[in-house]
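Chain by chain, the residues run as shown.
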Amino acid sequence: QVQLVESGGGLVQPGGSLRLSCAASRIIFRLYVMGWYRQPPGKQRELVATITSGGSTNYADSVKGRFTISRDNSRNTVYLQMNSLKPEDTAVYYCNAAALSGVNAWGKGTLVTVSS
């Protein structure tokens, strides 16, 4: 069973930066598209960014130019560098692993709070 463990969340002031990490285990990492999703308070979960094994990326319009997703296939880890954070980025951030086989796994999430 795929396991995903997020880390790096916390409280940050507007304009600040955070780097989230997601360590995957029990997985052939290169076979999976990795992604970050978020769920703001009182709202539905939404896509933030995805990255293929080859490094192709996709971003939500709301984070383009501010967030960068990357992965280290040798460490089975995906990252989300978040810069110029805004209060509306406040959310629980979830790591996702999706494979063509239909396997779709989620981490438990890490809370990011952007507030002064």
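Cut-off values and rules
Residues numbered from 1 in each chain as written. Predicted model: local features only at pLDDT ≥ 70, side-chain atom pairs only at ≥ 80, totals over all residues. Heavy atoms only, no water. Pairing = 2+ DSSP bridges. Helix = DSSP H or I, 4+ residues; strand = E, 2+ residues; numbered from the N terminus. Axes fitted to C-alpha atoms, helices over the stretch in contact; angles between N-to-C directions. Disulfide = S-S within 2.5 Å. Buried < 20%, exposed > 50% of the residue type's maximum accessible area, 1.4 Å probe, protein only. Contact = heavy atoms within 4.5 Å. Salt bridge = Lys/Arg side-chain N within 4 Å of Asp/Glu carboxyl O. Core = buried A, V, L, I, M, F, W, Y, C linked by side-chain atoms within 4.5 Å.

Next up on the list: the sheet that holds strand β1 (residues 3-7). Pairing is antiparallel in the open sheet, where four strands are placed in the order β1-β3-β8-β7. Every interior strand has two partners, whereas the edge strands, β1 and β7 (67-72), have only one. Each strand of the sheet is rotated relative to its neighbour by a mean of 15 degrees, with strand direction disregarded. Where β7 meets strand β8 (residues 77-82), six bridges bridge the pair, whose relative direction is antiparallel. Paired with Ser70 across the bridge in β8 is Tyr79.

Considering all chains together, one arrives at one disulfide under this definition. Cys22 shares a disulfide with Cys95; S-S distance 2.1 Å. In this structure, the disulfide formed by Cys22 and Cys95 twists by about -80 degrees around the S-S bond and is classed as left-handed. With a gap of 73 residues between them, Cys22 in strand β3 (residues 18-25) and Cys95 in strand β9 (residues 91-99) connect regions that are remote in the sequence. A single burial state applies to Cys22 and to Cys95, both of which are buried.

This brings us to the environment of Ile69. Looking at the element boundaries, Ile69 is found in strand β7. Ignoring sequence-local partners within four residues, the contact set of Ile69 consists of Met34, Gly35, Trp36, Ala49, Thr50, Ile51, Thr57, Tyr59, Val78, Tyr79 and Leu80.

A complete count under the given rule lists five salt bridges for this structure. The shortest N-O distance in the salt bridge between Arg38 and Glu46 comes to 2.7 Å. Two residues, Arg66 and Asp89, come together in a salt bridge whose shortest N-O distance is 2.7 Å. Placement of the pair is Arg66 in the loop between β6 (57-59) and β7 and Asp89 in the loop between β8 and β9, with a sequence separation of 23 residues. Judged by relative accessible area, which is 10%, Arg66 ranks as buried.

One finds Leu4, Met34, Trp36, Leu80, Met82 and Tyr93 to be the most contacted residues of the largest nonpolar core, which totals 32 residues. Contacts of Leu4, omitting those with residues within four sequence positions, involve Cys22, Ala23, Ala24, Met34, Cys95, Asn96, Ala97, Ala105, Trp106, Gly107 and Lys108.

Attention shifts here to the pairing of β7. On β7, burial follows the alternation: Phe67, Ile69 and Arg71 on one face are buried, whereas Thr68, Ser70 and Asp72 on the facing-out side are not. Connecting β7 to the antiparallel partner β8 that follows it, the hairpin turn spans four residues, and Asn76 within it adopts a positive phi of roughly 55 degrees.

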